[in-house]
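Residues per chain are reported as follows:
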Amino acid sequence: MYRSHNCGELTSTDINKEVTLAGWVQKIRDKGFIVWVDLRDRYGITQLVFDEERTSKTLIEQAQNLGREFVVQVKGTVIERASKNPNIPTGDIELLVSELNILNEAKLPPFTIEDKTDGGEDIRMKYRYLDIRRNPVKNSLIFRHKVTQEVRNYLSKEGFIEVETPYLIKSTPEGARDFVVPSRMNEGQFYALPQSPQTFKQLLMVGGMDKYFQIVKCFRDEDLRADRQPEFTQIDCEMAFIEQEDILNAFEGLTRHLLKEINGIEVEKFPRMLYDDAMRLYGNDKPDIRFGMEFGELNAVAQHKDFKVFNSAELVVGIAVPGGNSYTRKEIDKLIDWVKRPQIGALGMVYCRCNDDGSFKSSVDKFYDQDDLAKWAEATGAKPGDLICVLSGDKNKVRTQLSALRMELAERLGLRKPDEFAPLWVMDFPLLEWDDETNRYHAMHHPFTAPKPEQIELLKTDPGAVKANAYDLVLNGNEIGGGSIRIHDKETQALMFDYLGFTPEEAKAQFGFLMDAFQYGAPPHGGLAFGLDRLVAILGGQETIRDFIAFPKNNAGRDVMIDAPAPIDDEQLNELSLKLNLKQ
Ligand code: ASP
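Quantities reported herein were computed from a predicted structural model and do not represent experimental measurements.

**Student:** Got a minute to help me understand the sheet that holds strand E16 (residues 387–393) in this structure?
**Tutor:** Strands belonging to one sheet form pairs held by backbone hydrogen bonds; the direction of such a pair is parallel or antiparallel. On the basis of which strands lie adjacent, the open sheet formed by five strands has the order E12-E13-E16-E14-E15 and antiparallel pairing. Where the open sheet ends on each side, the last strands, each with one partner, are strand E12 (296–297) and strand E15 (360–362). In this structure, E12 lies alongside strand E13 (residues 315–321), joined through two bridges in antiparallel fashion. Note that in E13 the partner of Glu297 across the bridge is Val317. Each of strand E14 (350–354) and E16 touches helix H10 (residues 329–340); the most contacted strand, E14, lies at about 145° to it. Sheet strands in contact with helix H12 (residues 395–412) are E12, E13 and E16, and its direction is about 10° off that of E13.

**Student:** For this particular structure, what's the right way to read the sheet that holds strand E20 (residues 470–475)?
**Tutor:** If you walk across this open sheet you meet the eight strands as E6-E9-E10-E22-E21-E20-E17-E11, and the pairing is mixed. The sheet is open, and its two edges are formed by strand E6 (161–162) and strand E11 (272–274), each paired on a single side. Bridging between strand E17 (residues 423–427) and E20 involves five bridges; their strand directions are antiparallel. Directly across from Pro423, in E20, lies its bridge partner Leu475.

**Student:** Explanation requested: the packing of H10 against H12 in the structure shown.
**Tutor:** Helices that pack against each other are described as a pair by the angle of their axes relative to one another and the distance between those axes. At a minimum axis distance of 11 Å, the contact between H10 and H12 shows a crossing angle of 135°. One element, H10, and the other, H12, form an angle in the oblique class. For the pair H10 and H12, the crossing hand works out as right-handed. Touching Leu335, Trp338 and Val339 of H10 are Ala404, Leu405, Glu408, Leu409 and Arg412, all from H12. Partitioned by chemical class, the residues of the contact of H10 with H12 number six nonpolar, no polar and two charged.

**Student:** What is the right way to read the packing of helix H14 (residues 490–499) against helix H15 (residues 504–517) from this model?
**Tutor:** Put simply, H14 and H15 touch, their axes get as near as 11 Å, and they point 155° apart. Considering the angle they form, H14 stands roughly antiparallel to H15. Handedness of the crossing formed by H14 with H15: right-handed. The residues of H15 that touch H14, namely those facing Lys490, Gln493, Ala494 and Phe497, are Ala507, Phe511, Leu514 and Met515. A class-by-class count of the residues in the contact of H14 with H15 yields six nonpolar, one polar and one charged.

**Student:** Please explain a negative patch on the surface as it appears in this structure.
**Tutor:** On the surface, Asp569, Asp570, Glu571 and Glu575 cluster together to form a negatively charged patch. Structurally, Asp570 is set in helix H17 (residues 570–575).

**Student:** Help me understand the UniProt feature "binding site: ATP" (unreviewed entry) in the chain, please; the structure alone is not making it clear to me.
**Tutor:** Mapped onto this numbering, the UniProt entry gives "binding site: ATP" (unreviewed entry) at Arg220, Asp221, Glu222, Gln229, Glu479, Gly531, Leu532, Asp533 and Arg534. For Leu532, the location among the structural elements is in helix H16 (residues 532–539). Residue Leu532 is classed as buried on the basis of its relative accessible area, which comes to 1%. Those residues in contact with Leu532, other than ones at most four positions away along the chain, are Arg144, Val147, Thr148, Ile215, Thr233, Gln234 and Ile235. Position of Asp533 relative to the elements: it lies in helix H16. Judged by relative accessible area, Asp533 falls into the buried class, the value being 5%.

What counts, and where the lines are drawn
- Residues numbered from 1 in each chain as written.
- Predicted model: local features only at pLDDT ≥ 70, side-chain atom pairs only at ≥ 80, totals over all residues.
- Heavy atoms only, no water.
- Pairing = 2+ DSSP bridges.
- Helix = DSSP H or I, 4+ residues; strand = E, 2+ residues; numbered from the N terminus.
- Contact = heavy atoms within 4.5 Å.
- Axes fitted to C-alpha atoms, helices over the stretch in contact; angles between N-to-C directions.
- Parallel < 35°, antiparallel > 145°, perpendicular 65-115°, else oblique.
- Left-handed = near helix turned anticlockwise from the far one by under 90°.
- Nonpolar A, V, L, I, M, F, W, Y, C, P; charged D, E, K, R; others polar.
- Patch = residues over 30% accessible without salt bridge, like charges linked within 9 Å, V, L, I, M, F, W, Y side chains within 5 Å.
- Areas by Shrake-Rupley, 256 points an atom, 1.4 Å probe, with all protein chains shown as cover.
- Salt bridge = Lys/Arg side-chain N within 4 Å of Asp/Glu carboxyl O.
- Lys, Arg positive; Asp, Glu negative; His and termini not counted.
- Charge placed at Lys NZ, Arg CZ, Asp CG, Glu CD.
- UniProt positions renumbered as here; feature names shortened; annotations may be inferred.
- Buried < 20%, exposed > 50% of the residue type's maximum accessible area, 1.4 Å probe, protein only.

Next comes the structure, spelled out in structure tokens:
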């Protein structure tokens, strides 16, 4: 028996017990005649004491020769500590050691394995197995386990069946590039790793599974923006014989369950917002509604004066920054520089101070009088003491820019509180999205999303205006899930592929299996998928997902611990009938 107890459980009720512990040496304090060792395992830390008077001299010497992270087994008696540590559960006791066995020695670790470490991100990733011994990472993984456990409990209770779908498949168009895997047995042919199990879950509905879920890895070969992973996990779900309302209720239920079980928070019915309103009021399809600062459109009150910049703009729009009138001129200039950075890309920013006495002072006083500015204040909801920030230009661009400014200012003002949770459904997304680069429409969600039935005709005349029964679940300004009601008949699906620029032959080659299935009695169905990594991070009150993933990849998509990706040898290439044609 390696241990009778773990390092986190002994308390004063165990005093005088003979116990055996095993774990890692975290810290050694050597006073010569007495040595203390902090012994760590997954469950906590227990203090060991080696004492000349009460144990043997050889034992003390053994303890003095221990190194950090040695793996040891100790036997001894639980005794009361002279100076107690109220901060840890085992803080009242220590173990007077009578036997010490070194199970394995350890090289000096490249960083300190404590809550606060001296190791930078890179080194911690290279030695991730050491990093995982630290509480912040270990606890995040345990937290993730709890969340997935609750997801499984809840969905199982609601009658969902977890079904695994294959990883070696054919391309699924979720808007990213596929990772491909060459097939040795089928020369010159490739599998694609799923960007999501989308088509399979729909086939499961045709198969009559009715309520499906899966906690599943998905793979997307995208340029990695901050905090994205090339492989990530979804809670993927699908239901048959449902309407949009059924899906919203089912997964609002799941989210509410998680907030309650994990965070102890009860949330009322989730508010709903139309996509068009989200864009108009927040410039963003995933608005953070923990705070106000809603957009006020100013075209009607700011155009047709002599200010050319506004007159030529498609949209003039502003936000009121609470208490912003206290900003100095220098601080406002800095804000202007901030919106002009290439990442944001605004050409400039007009501002208006709302003085405590009800008067206004703007950067464009030449063109606007007090009455005009009062209308700006009314449109943006600005109060005395606030600052109105106004951007103008192309509608879509300006909304994105002002949204970035809104989030930045809210962050600075401490309005994005991690312990406050504001879920929101954003509904009625457009079916299609125009892409300037390829000069055609793309599916905004994916090509299996159904247009709103009453708008199918509109597809012919104004495709960009057609909305879908597609929805996103937003939590604190993050999209944590998204889905749609699907097309379930062959004709509409064929029509959709046609709009998306597939020839009938291409559509058949890529998705023939799905359209075939639709001919054999496909039930009406729909679903959604949650991004598990992000969901866990948000429930855990963090914005970065990496600590919640045991072995994450870095921003270049590399696993620096195992050093992947890596070249393969010629023999392997040969076997796969592959020849490299490297660009450099
Ligand atoms: N497959 C979709 C996605 O990955 C989710 C869904 O429509 O259910 O975003």
